[in-house]
Amino acid sequence: MTTALTPNAVSRSADPIKSEVDYETLAAKFRPIFADIAQAVVERERDHVLPFQQIDALKKAGFGAVRVPTTHGGSGASIPQLIRLLVELSSADSNITQALRGHFAFVEDRLVADPGPERDTWLRRFAEGQLVGNAWTEIGDVALGEANTKVSPAPDSDHFLANGAKFYSTGSIFADWIDLYSQRTDTGAFVIAAVEARQPGVTHSDDWNGFGQQTTGSGSSVYENAIVQPENIFDFSTRFKYQTAFYQLFHLATLAGIAKAATTEISRRVASRTRTFSHGNAPRYAQDSQIQQVVGEVSSAAFAAEAVALHAAQSSQWAYEAAFSGSPEEEKAANIAAEIDSGRGQVASIGLVVPATAKIFDALGASGVSRDLDLDRFWRNARTVASHNPVVFKSKVVGDYEINGTEPIYVWAIGTAPTEKDVQA
């Protein structure tokens, strides 16, 4: 699924969203919901309770439409404002941010689509609270750059039928629609099929078994003659060009939010601790300089991770705005900046947050590993988020760009590489 950058040639008449709302005004609308989400996060993690009610509350409050223009019923937020909100949400429950990742990517794609009735229909759906899940990764053996999931014209009908199976179907179990990467059998074109999630031909399973991010709904989904309307099939070549950078921003926001939540938790527990050690540095644990140092290091990692996420978001905002510029040169430069900055951000944030979430135990001793506290969730979740897009490849891409000026690959996939025998054949 790798592709070269091919900016859309059509200039769009709609104006890009730079910001239509004050951030504090926007955030104030959702902070009470974030606070409610945080209340039972330990219980949900410990008992594996999917956050249906919490996502429904966000949905009803219009969270899924924060990027939609105010003229279409949304909040008109910029990408940096969205990422700030996601850092706050991730601090409450990092699983929910990841569950909504596919939704916001689909929203972004519709925002840069050519203006018209079809685009307006989707923006209206988002404003009504409809959510979109994600289903791209194939189950089983698939060659790199191919898709086993197929979309075929239905016999004696004007609609299409989707058949296949996906893993990492993040957020689909909570969604109204599914962003399904597939291939048309009639033309061979790779497409995105927007599939209604609650129809008889679609089955969702909560079978993701990772040790972190356990309640994201990132399990498998199966499509058996699922109906797709022709207007809901989009050629993948028209997909928004900064999508990989945009997807990565969610991981950066998630990591920053995890680190912020870890800072809050460790600070509270150190401040309330009454027991200390005979070989410590102060009669009160909260006054021990070495413990203060540990908390300060965790807090600093959280601060830096959020700064990294917001800086990278600025580059994606430029890429979004450049999609409307009518200048292929500007669009290409903006997309390169978005991709490289998101890669730099991944390398930097993982190096900060994963060690910081392990370091909190240095400040709490043996009592900090109690299962009742579930403090290991910060490390488990951060480590899992950090594993989704291999950081070694991101640092290589950044280094190749810095040394050789090599343009990054904008869309990538996972699959079975061809053998030497296959190549010769």
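According to UniProt, the comment filed for the protein under the heading Sequence similarities (unreviewed entry) is "Belongs to the HpaH/HsaA monooxygenase family."

A.B. asks: How should I be thinking about the pattern of salt bridges in this particular structure?
C.D. replies: Between side chains of opposite charge, a pair can form when the charged atoms approach closely. Evaluation of the coordinates by the stated rule reveals 23 salt bridges. The shortest N-O distance in the salt bridge between Glu 88 and Arg 31 comes to 2.9 Å. Here Glu 88, found in helix α4 (residues 79-92), pairs with Arg 31, found in helix α1 (residues 23-39); they are 57 residues apart in sequence, far enough to count as distant. Across the pair Lys 166 and Glu 138 runs a salt bridge, and its minimum N-O distance is 2.9 Å. Within this pair, whereas Lys 166 is found in strand β4 (residues 160-167), its partner Glu 138 is found in strand β2 (residues 137-138), the two being separated by 28 residues in sequence. Taken individually, Lys 166 and Glu 138 each receive the classification buried, so the pair is uniform in this respect. Taken together, the shared-partner salt bridges connect Glu 24, Arg 31, Arg 84 and Glu 88 into one network.

A.B. asks: What should I look at first to understand the domain arrangement of the protein in this one?
C.D. replies: How big an interface is tends to be expressed through the accessible area that disappears when the partners come together. Splitting the protein by domain gives domain 1 (23-131), domain 2 (150-238) and domain 3 (242-404). Look at where the C-alpha atoms of domain 2 and domain 3 centre, and you get two points 32 Å apart. Counting from both sides, the interface comprises seven residues of domain 2 and, opposite them, nine residues of domain 3. On the surface where domain 2 and domain 3 come into contact, there are zero salt bridges. At the boundary of domain 2 with domain 3, the tally comes to three residue pairs in polar contact (both at pLDDT 80 or more).

A.B. asks: What am I meant to see in the UniProt feature "domain: Acyl-CoA dehydrogenase/oxidase N-terminal" (unreviewed entry) in the protein here?
C.D. replies: Per the UniProt entry, the sites bearing "domain: Acyl-CoA dehydrogenase/oxidase N-terminal" (unreviewed entry) are residues 36-129 in this numbering. As a span, residues 36-129 carries 66% helix and 0% strand, and end to end its C-alpha atoms are 19 Å apart.

A.B. asks: Mind showing me how you'd approach the UniProt feature "domain: Acyl-CoA dehydrogenase C-terminal" (unreviewed entry) in the protein here?
C.D. replies: Here the UniProt feature "domain: Acyl-CoA dehydrogenase C-terminal" (unreviewed entry) sits at residues 253-389. Taken as a whole, residues 253-389 contains 72% helix and 0% strand, while its terminal C-alpha atoms sit 15 Å from one another.

A.B. asks: Please clarify how the pairing of strand β8 (residues 221-228) should be interpreted in this entry.
C.D. replies: It is a general feature of regular strands that their side chains alternate between the two faces of the sheet. Taken together, the six bridges between β4 and β8 define a ladder with antiparallel strand orientation. Within the sheet, the bridge partner assigned to Ala 162 lies in β8 and is Ala 226. Relative to β8, strand β7 (residues 202-204) runs antiparallel, the two being bridged by three bridges. The residue bridging Thr 203 from the neighbouring strand is Val 222, located in β8.

A.B. asks: Could you clarify how one ought to interpret the packing of α1 against α4 in this entry?
C.D. replies: As a packed pair, α1 and α4 sit with axes 9 Å apart at the nearest point and diverge in direction by 20 degrees. In this view, α1 runs roughly parallel relative to α4, as classed from their interaxial angle. Relative to α4, the crossing made by α1 is right-handed. Here Tyr 23, Glu 24, Leu 26, Ala 27, Phe 30, Arg 31, Phe 34, Ile 37 and Ala 38 of α1 come into contact with α4, specifically with Gln 81, Arg 84, Leu 85, Glu 88, Leu 89 and Ala 92. Across the contact of α1 with α4, the residue classes break down as ten nonpolar, one polar and four charged.

A.B. asks: Any chance you could explain the packing of aromatic side chains here in plain terms?
C.D. replies: Each aromatic ring pair is specified by the distance between its two centres and by the angle formed by the two planes. Scanning all chains against the criterion turns up 24 aromatic pairs. Relative to Phe 174, the ring of Phe 52 has its centre 4.9 Å away and its plane inclined at 65 degrees; by these criteria the two rings are edge-to-face. Placement of Phe 52 in helix α3 (residues 52-60) and of Phe 174 in the loop between β4 and β5 (177-184) is noted, with a sequence separation of 122 residues between them. A relative accessible area of 44% means that Phe 52 is categorised as partly exposed. Here Phe 174 falls in the buried class, since its relative accessible area comes to 10%.

Scoring rules and cut-offs
Residues numbered from 1 in each chain as written. Predicted model: local features only at pLDDT ≥ 70, side-chain atom pairs only at ≥ 80, totals over all residues. Heavy atoms only, no water. UniProt positions renumbered as here; feature names shortened; annotations may be inferred. Salt bridge = Lys/Arg side-chain N within 4 Å of Asp/Glu carboxyl O. Helix = DSSP H or I, 4+ residues; strand = E, 2+ residues; numbered from the N terminus. Buried < 20%, exposed > 50% of the residue type's maximum accessible area, 1.4 Å probe, protein only. Domains from an automatic or database assignment. Contact = heavy atoms within 4.5 Å. Polar contact = N/O pair within 3.5 Å; in protein donor to acceptor, adjacent residues only side chain to side chain. Pairing = 2+ DSSP bridges. Axes fitted to C-alpha atoms, helices over the stretch in contact; angles between N-to-C directions. Parallel < 35°, antiparallel > 145°, perpendicular 65-115°, else oblique. Left-handed = near helix turned anticlockwise from the far one by under 90°. Nonpolar A, V, L, I, M, F, W, Y, C, P; charged D, E, K, R; others polar. Phe/Tyr/Trp six-rings, centres within 6.5 Å; stacked < 30°, edge-to-face > 60°.

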